[in-house]
Structures are given as C-alpha cells and as structure tokens.
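These are the residues of each chain, in order.
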Amino acid sequence: MQKNIQKEKQSQSTGTTLSPNTSRKAGFFRCFSRCKGWLYLLPAMLFLGFFMVYPLIDVFVYSFEEGYNSASQTYFGTGTYNYSYVLHDPYFLQALKNTFLLVIITVPLSTGIALLISVGLNSIKPLRDFLQTVYFLPYVTNTLAVGLVFMILFKKTAYSDGLVNLLIQWFGGKSVDFISGPYWAKMFVLCFYTIWVVMPFKILILTSALASVNRDYYKAAQVDGTSKFRTFMRITLPMISPMIFYLVITGFIGAFKAYSDAVALFGTDLNAAGMNTIVGYVYDMLYGDSGGYPSYASAAAILLFAIVLTITCINLLISKKNVHY
Amino acid sequence: MKVVLRNLTKKFPSRDKKNKADVIAVNNFDFEIPDGKLIGLLGPSGCGKSTTLNLISGLEKPTEGQVFFGEDDVTGLPPEHRGIGLVFQNYALYPHLTVRQNILFPLENLKGKDKLSKAEMLEKAMEAAKLVQIDELMERKPGELSGGQQQRVAIARALVKRPRVLLLDEPLSNLDARLRLQTREEIKRIQKETGITTIFVTHDQEEAMSISDMIVVMKDGMVQQIGRPQEVYDSPANLFVAKFLGTPPINVFQGQVKGGTLYLDKDPVLEVSGAADGPVCAGVRPEGFLLRKDGTLGCELSGVEVMGRDISVVASNKASMMPTIRAIIGAENLAEISADASQVRFCLKPNKVFLFHPETEERILFEVVK
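Note that this is a predicted model, so its numbers are computed, not measured.

**What about the nonpolar core?**
Residues and elements named next belong to chain B. Core analysis: the biggest nonpolar cluster contains 102 residues, and I103, A156, L167, I199 and A282 have the highest contact counts within it. Looking at this core, the element that brings in the most residues is helix α4 (residues 147–159), giving six residues. For this core, the domains that each give at least three residues are domain 1 (3–243) and domain 2 (249–368). If sequence neighbours within four positions are ignored, I199 has contacts with I33, I39, L41, L53, I56, V165 and L167.

Below, the structure written as structure tokens:
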C-alpha cells in the first residue's frame, strides 16, 4: 500500500517536471488520434479521388464545353448545345431505345428465371452439385468462346443458316437472319445472350440465399397447412428479398452499361447494325470511325448517368416497402 | 384428446461409413398420454425426445408403429391434417410479419368450409393473443420483442387454430433464468385454461418436474420411466432416472448387501430385508441424510455451504462413486457441526435410499424395516 502511494507520488512529480515539453507532444498525439480514421482512409480516398471523382467532374465539365478539342485543349464556348445535339442524334435515340428495351426485357426475365432455377436446384438432392456447376459454367467461360457458340447457333453463312434456323425449318418455319436481319430478331439474340450471360451469377447468389433460410420456417408453415405457393410467396420471397433486390439493382446498372455483348454479336459497327447501346454510342463518339467528339461523348455519358441514378433511386424507394432485412 | 403411441420406432440411416447400423432414435415407444394433461418428455441431449415430438407432429414418419389421437390413427396423416400446434425451440416467427400477421398466418391457410371471414380471423387472433397476454404488441415485428414475448407469440400462433394437441420443443431453453421461471408457470396456466393436451420436450429436469402432470424419462431412444413427477422422483426405476432427477443430484455409493444389511465401506448403514446378498449401487438423495453423533455412516467433512433455509454438507466417503457427497440438512442442525470437525456421521432415511444392480442398473427393491 505504502509503496503504491510512493509510486504515485513519483509519477506525479515526473509528470510536473516534464509538462512544458510533453504538452506539445500530447497536443500532437491528440490531433493524430482525432485524424487517425481519416489517415487510414487516405489511400483509398486518394485513389478514388484521382480515378473516380476527378474524371466524373471532368466529364461533367466537358459536357458543357462546345467543340472541345482534346489535342489543342480548346473549345468555342459553354452551353447546353452538346446535350441538344446528342438528344437530336438519331443514332443516340436508337441506342437509347435499344438500351431501354434490353434493360426492361433482360432484368426481370433473368432474375425470374434464375429464381425458378434456384428454387428447383434447392428442392432436389441428387445431382444438385453437378447441376449447380453446369449452371455456373457460363460465368467462367470466355466471352469470345461464347460469341462463337452464338454464331454457330444464330449466324447465317454461305454454308449454313445456323442451328436455330435449322430447327425453325425443321418445324416448318421460315428461316430468319438473326445477326443482320430484322430488328426484332437481332434484339431477341441480344436479349437471349445477355440473359444467358448474367444468369449464372444470379443463380449462385439465389441458391445460397435460399439455402440460408432457416428450415424451421418451412416446418412451421407445413404444420399450419400452408400451400407450396403461399409458402413461397409469403415466406421464401420476403426472406430472400434483400438478395433479389441486390440482383435487380446491379442487373439494371449492368444492363444500362451493356456494350461488349452487342459487339460480340454484331461487330464493332453497331450504328450500322442499328444495335448500338448508350455506352457504345459514347465509345463511338470518342474513338469510333466517326469519333473524335469528347464533348458529345461526355454529354451522352452524363445522360446515362442521370438515367441510371434515377432508376436506382426509384428502385430504392420501391425496396423500402418490399425488402425485409 | 389423448395421444397413444403404439410400438413407435424411428430409425435413421447411419452416416458413419464404418458403422453401417441404423441409428435408433426412438425405440419401441408404447404409452398413452391422457387427455388434457401437460406431459414433459425429459432426457439428456440426443435421447430422441425431439424425434418423438416430430413423430407426434408428423414432421417425421415413423419406421414402425402408430400414433393415435383419441381413436383416430394419424400415423399416415401429414402434419397439417393432424390438428396440432407446434412451438419451435427458436420460435420460428416470420420476421417480416407483425405479431398480428404471424398469429393470423395459420388461419389464412384455411380453405373450403373451414374458411373464415376477415373479422372472424381477427377475433380469433385477438383471443389467442389475450390468452398469452400479448394483445398490446400486435403491431410489432418479432425482432422488436423480448425472448419471452416472442415465446408467447409462438404459443399464440400454435393455439389460434385450437389444435387437438399442443407440442412445445424445448420451450424454455432460449430464455434467461428469471423468464424461464415465469414462462413455465405461464405455460402451465395456458394449458389449464385451454385444456389442450400438451407435450413438451426438455432436458431440464427441474423444468419438467415443476409443471408436468406426467413425465416421460428417456435415454438413448428408450423410455426409462413414465409417471407423475413425484412418483418418479420417489421411486426411480433405475440408476439413470435416479441420477437424472433431482438437484443436487443423488449420491451414489458402491455398497454390499450381506444378510439383509447394506454396508457402505464396512459401515453397516441400513437394514434392507428382501435384497439379495451381493454388490449393489446405493443411491442416497441429498435430503436422505440425518446428522447424528451416533450415525452409521462416517464421512470426511470437506465443507459446509450455508444457503439460509438449508445447509449443504459436502463430505467424502471411500465408498462414494463421486469425489464428494452432498447432504442437504435443515439449517437448525448447523450447531451440531463444530467448527474444527473433520468427521461427520449420518443416519440414512430408508425411503431416500435406493439400491440398484451394479451392472444392469435396475432397481433392487427392499422392504423398509421400521
């Protein structure tokens, strides 16, 4: 006990003798510990700032600079002309229509089919692992290989009309040129391709979500005599709603940003094929054969950004009511 | 509604690659649960009590045997047609629905001639909620309720369809000690008010003894003993039942019967006429000891724990199968143990001493000599 008191006295005395020096040090440490959180965030913030925030702002600025020339870094004036040009450009309107169609068709369909397949996978025991692997394969398959497969399926060549056309003919229909034929045929192929490509990831997410629902809920529902359909609608769906919501949001964003799929199917000259997407339009405006217009490209990019933002906000609003965390 | 189990057996296929023999979770159960009683299925983990409950509920199909509700054979019926209410250990309340929606859920499933109008459903739900006293929490989500309140909601949901039999799987194990006491009385009250035959599963002997009209003690898929709690406590059928019931647990000694006298480590402690000579296991309930200066059983004193009403004497004896023996004695006897005593002597109450066969562990009966 006495020793303790002595020690305390000692520490007190040393504390007082060192005080002028330590107070500055202590101030530094206090500042350091206050900013520590920000310091940890700094690398990520710098990275994001340089590669995300700055370009975003830059694009926004470009979109209001008329006739910007990236080589000479000059422009004529500022205004909304770029937007007006883009919105009156038939190619952009075509791209907008294509993109909207793609989004509206593929997002609900792919999510719905993925849900059905996941429920099916979840309810069978034998071959489940095998089938899960099969359904996941497209995710790890090379895009070019997939493109080749789709060509064999759909493309008309000098030698064959493609596998799908063979089937159509076999059933007595007239063959359709899916790659360079009517608009609906091309749209069908694009949607089919997109759904097929995005499905594996959705199935993966949904099967794991379904597997994580506690079995006791189903037992409770069974004891209460709940029909299969009602169990699915009232228990399963709400339970996995956060995952479905996640898939819908990312699906919307992904479909709005579609580009490479169209290129894989229809080649690089998408405007000629009438199958351009908004991102494709932006790319063409920058680097395409008719390119070299960063101002128009920026305006189109900002328009896309606005669309995606609006749709996501609507999604969030809807989800507040229907998603149960 | 009485519940009858006839030669009920459930085997699960073995998952062990070396040992292909089936696992027998429930082995040839054959007993009758009288109408309107509260029955506790009691046993250690893995003894098959939850499986038994699942067989009664219909969630599991028996390998052999039958289940009757009254005179109806329900063995082939799926759970929804048996007229049961089931409360799960984790309550299984639908987290995205309010309390009201949870209680309404079973009613909304009714079809055909049983279909109820919205008003009737709400009325029934309210009635069930009032019974378990949660009628003020109807608009809350399960996540916003305490464990005890969730338990009540689960019971209300199980009761709302007026089941013929109410089944509760470990109803108290997710509650803290205080709530457990309160809730078990609550279960007893609800059972009495509704008069529904209620079967609950527990591994806690105190819980089972305190509220059950009848307990079924199980071990390794076998019924060990069935009876009223006090009967089973006072007259255990075998060593397992004797050990499983009672806190503090029964003290078990290795003893010897010679000429109608029970010897524990050379001390002749009790006249046991009728018991055959030979080695025995002798169980003595903690309250079966009497502190006497001239007692027949001498023990090394290790300590005295004062609990207010009683004192607990902790001692050791060579014949004891456990390192210490524990005797519960009225606090007024505290003065009889001097502070520096190293030895205590006990007399044994004959009706608190049970003899068991050392190998089969079955009870050996003897006549109490006054």
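**Quick word on the sheet that holds strand β13 (residues 267–273) of chain B**
Residues and elements named next belong to chain B. The strand order across the open sheet formed by seven strands is β21-β20-β14-β11-β12-β13-β22, and the pairing between neighbours is antiparallel. A strand with exactly one partner marks an edge of an open sheet, and here the two such strands are β21 (363–364) and β22 (367–368). Examined bridge by bridge, strand β14 (residues 278–284) and strand β20 (residues 353–356) share four bridges and lie antiparallel to one another. The residue bridging G283 from the neighbouring strand is F354, located in β20.

**A word on the domain arrangement of chain B**
Residue and element names in this part refer to chain B. Under the domain assignment used here, chain B contains domain 1 (3–243) and domain 2 (249–368). Distance between the C-alpha centres of domain 1 and domain 2: 38 Å. Facing seven residues of domain 1, the contacting portion of domain 2 comprises nine residues. Taken together, the residues that form the side of domain 1 that touches domain 2 break down as five nonpolar, one polar and one charged.

**Concerning unusual backbone geometry**
All names here are of chain B. A cis geometry characterises the amide bond from T247 onward to P248, with omega recorded as -10 degrees. Unusually for a residue other than glycine, Q133 sits at a positive phi of about 60 degrees. Following the sequence through the fold, Q133 ends up in the loop between α3 (118–131) and α4. The partly exposed category is assigned to Q133, around which 14 C-beta atoms lie within 10 Å. At R162, a position not held by glycine, the phi torsion is positive, near 55 degrees.

**Considerations on the packing of helix α2 (residues 99–108) of chain B against α4(B)**
All names here are of chain B. At a minimum axis distance of 7 Å, the contact between α2 and α4 shows a crossing angle of 30 degrees. On the basis of the axis angle, α2 is roughly parallel to α4. Judged by the sense of rotation from one axis to the other, the crossing of α2 with α4 is right-handed. For the pair α2 and α4, the contacting residues are V99, N102, I103, F105 and P106 in the first and V153, A156 and R157 in the second.

**Notes on the packing of helix α10 (residues 228–256) of chain A against helix α14 (residues 294–322) of chain A**
All names here are of chain A. Relative to each other, α10 and α14 sit at 165 degrees, their axes nearing to 10 Å. The angle between α10 and α14 places the two elements in the roughly antiparallel class. Between α10 and α14 the crossing geometry is right-handed. Residue-level contacts link S241, F245, V248, I249, F252, I253 and F256 of α10 to L304, I307, V308, I311, T312, N315, S319 and N322 of α14. When its residues are assigned to classes, the contact of α10 with α14 shows 10 nonpolar, five polar and no charged.

Conventions adopted
- Residues numbered from 1 in each chain as written.
- Chains lettered and ligands numbered in written order.
- Predicted model: local features only at pLDDT ≥ 70, side-chain atom pairs only at ≥ 80, totals over all residues.
- Core = buried A, V, L, I, M, F, W, Y, C linked by C-beta atoms within 7 Å.
- Buried ≥ 20, exposed ≤ 12 C-beta atoms within 10 Å, placed from the backbone.
- Helix = DSSP H or I, 4+ residues; strand = E, 2+ residues; numbered from the N terminus.
- Domains from an automatic or database assignment.
- Contact = placed C-beta atoms within 7 Å.
- Pairing = 2+ DSSP bridges.
- Nonpolar A, V, L, I, M, F, W, Y, C, P; charged D, E, K, R; others polar.
- Axes fitted to C-alpha atoms, helices over the stretch in contact; angles between N-to-C directions.
- Parallel < 35°, antiparallel > 145°, perpendicular 65-115°, else oblique.
- Left-handed = near helix turned anticlockwise from the far one by under 90°.

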